[in-house]
Each structure stands twice: as structure tokens, then as C-alpha cells.
Amino acid sequence: RILAGPAGRRAFEQLWSECVALAGGEACEEVIVAFGRTVQVERAAGSIMRADFDELCGTGRGTPDFYALTRRFDTILVGAVPQLGVKREEAARRLIALVDVAYDEHVRLVLGTEACTTPGDIFQPLLDGAGAAAGHAP
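Definitions and cut-offs
Residues numbered from 1 in each chain as written. Predicted model: local features only at pLDDT ≥ 70, side-chain atom pairs only at ≥ 80, totals over all residues. Heavy atoms only, no water. Helix = DSSP H or I, 4+ residues; strand = E, 2+ residues; numbered from the N terminus. Rg over C-alpha atoms; globule rule 2.2 N^0.38 Å. Buried < 20%, exposed > 50% of the residue type's maximum accessible area, 1.4 Å probe, protein only. Contact = heavy atoms within 4.5 Å. Expected span 1.5 Å × (residues − 1). Arc of directions from axis to C-beta. Lys, Arg positive; Asp, Glu negative; His and termini not counted. Salt bridge = Lys/Arg side-chain N within 4 Å of Asp/Glu carboxyl O. Polar contact = N/O pair within 3.5 Å; in protein donor to acceptor, adjacent residues only side chain to side chain. Pairing = 2+ DSSP bridges. Right-handed = clockwise from strand over helix to strand, strands pointing away. pLDDT = per-residue confidence, 0-100. Axes fitted to C-alpha atoms, helices over the stretch in contact; angles between N-to-C directions.

Novice: It is not clear to me how the overall build of the protein chain should be interpreted in this structure. Could you clarify?
Specialist: Looking only at helices and strands, the protein chain features five helices and six strands. Beginning at the N terminus, the succession of helices and strands in the protein chain can be written as β-α-β-β-β-α-α-β-α-β-α. A globule of 138 residues ought to have a C-alpha radius of gyration of about 14 Å, and the protein chain, at 16 Å, matches this closely. Counting only residues that meet the buried cut, the protein chain has 39% of its 138 residues in that class. Counted over contacts in the protein chain with a minimum sequence separation of 6, partners at least 24 positions apart contribute 74%.

Right under this line is the structure:
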């Protein structure tokens, strides 16, 4: 699910507030990935976690990290999702990997973006950049 635009931002914050209230509070958690590696989750509420886009997709995280998170949490909220252009291609790939893993593992994924007004806006700059690089008009 994608909550887009200013109204989406408010809905995203409201959803997180309700999750925290139902779980009885918010905590920090360490999730074991493999070979002694861990992922630090700064905001967890029961079986739900929240992170900003740059925390999950703007770093060196990858598919094994996402599988570890989906084994621990049944709902993942990702806030502050930007529009993704060619300069953020690696982050876009990580977001796609996260979506794929969440789908495979039957985990609810909620994306919050104030930068976009529709779900398609997230990847549009990347698609426009790829078209321009291939010699096609955006």
C-alpha cells in the first residue's frame, strides 16, 4: 500500500500512532541476519516496524537483510520515500528487492511518500532517465 502526498503523510503517521498504541509502546530492536550480522530497527511496535526510506534502501542493505526483517515483522512501514531518479538507481533496486521479499513472505508493506502524489510518481524520474539514456523522449 502506498500513502502518497500530504494526506498520505498524515495517514502514515496516524497508522504508526495506532500501531504503537495497540502494541503498548515503541522499542528499538536488533534483528539477526546471518553470520553474526544484525539489522538495527530503531522503531518497532510488536510485530510492526517503521523505518525511513534512507535507513532501509539508501544504505548497503540487501535481500538477506529484508528476509530477516520479514521473518521478524509481519508489517513494515517505510516513510519518506522520495522520487527515484537515475542518481538513486541503487536505492530504487533495493526498494524493488524489499517489495519482492515482502510479497514472497506475505508481509504487509506500507510506503509513505510526501514527494509523490501517485504510486507511479516514485519511479517516474528513473523511467524518464532510462528513456532519455536510450534516446527516447521522456
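Right, picking up where we left off after that structure.
Novice: Hey, could you run me through helix α1 (residues 5-23) in this one?
Specialist: Each full turn of the α-helix corresponds to 3.6 residues, which orients residues three or four apart in the same direction. If you check α1, its first and last C-alpha atoms are 27 Å apart, about what 19 residues at 1.5 Å a residue would give, namely 27 Å. Listed as buried for α1 are G5, G8, F12, W16, C19 and V20. The arc that holds every buried residue of α1, seen down its axis, measures 115°, which confines them to one face. More than 90 degrees from the buried face of α1, the exposed residues found are R10, A21 and L22. Summarising the contacts, the buried residues of α1 are in contact with β1 (2-4), β3 (38-45), β4 (48-52), β5 (75-79) and β6 (108-113). Following α1 by one or two positions, G24 has its phi on the positive side, about 85°.

Novice: Explain the side chain of R94 to me, please; I cannot follow it from the model alone.
Specialist: Mapped onto the secondary structure, R94 falls in helix α4 (residues 89-104). For the buried residue R94, which engages in no salt bridge, the nearest side chain bearing the opposite charge is E90, 4.6 Å off. Polar side-chain contacts of R94 include one of 3.1 Å to the backbone oxygen of R61. Beyond its immediate chain neighbours, meaning those up to four positions away, R94 contacts L56, C57, G58, T59, G60, R61 and F66.

Novice: So what exactly am I meant to see when it comes to the side chain of R50 here?
Specialist: Turning to its location among the elements, R50 is positioned in strand β4. Side-chain polar atoms of R50 contact the side chain of E13, separated by 2.7 Å. With residues near it in sequence (within four places) discarded, R50 still touches R9, F12, E13, W16, R43 and L77.

Novice: How should the pairing of β6 be read in this particular structure?
Specialist: Each regular strand shows side chains that alternate between the opposite faces of the sheet. Buried residues dominate β6, accounting for five of its six residues. Looking at chain direction, β5 and β6 are connected through four bridges and run parallel. If you follow I76 over to β6, its bridge partner there is L109. Viewed along the sheet, the connection from β5 through α4 into β6 turns out right-handed.

Novice: Looking at this structure, how should I read the confidence of the model for the protein chain?
Specialist: Do not read the predicted coordinates in detail wherever pLDDT is low. Looking at the protein chain as a whole, its pLDDT mean stands at 91, while 93% of the residues score no less than 70. Taken element by element, the predicted model of the protein chain shows its lowest mean pLDDT in helix α5 (residues 124-133) (72) and its highest in β4 (98).

Novice: Mind showing me how you'd approach the sheet that holds strand β2 (residues 27-32) here?
Specialist: Strand pairs in the sheet, formed through backbone hydrogen bonds, run parallel or antiparallel to each other. Strand order across the open sheet formed by six strands is β1-β6-β5-β4-β3-β2, with mixed pairing between neighbours. Among the strands making up the open sheet, the edge pair consists of β1 and β2. Across this sheet, the average inter-strand angle for adjacent strands is 30°, counted without regard to direction. In terms of strand pairing, β1 meets β6 through three bridges, oriented parallel. The residue bridging I2 from the neighbouring strand is L111, located in β6. Against the sheet, helix α3 (residues 63-72) touches β2, β3, β4 and β5, its axis set at about 120° to β2.

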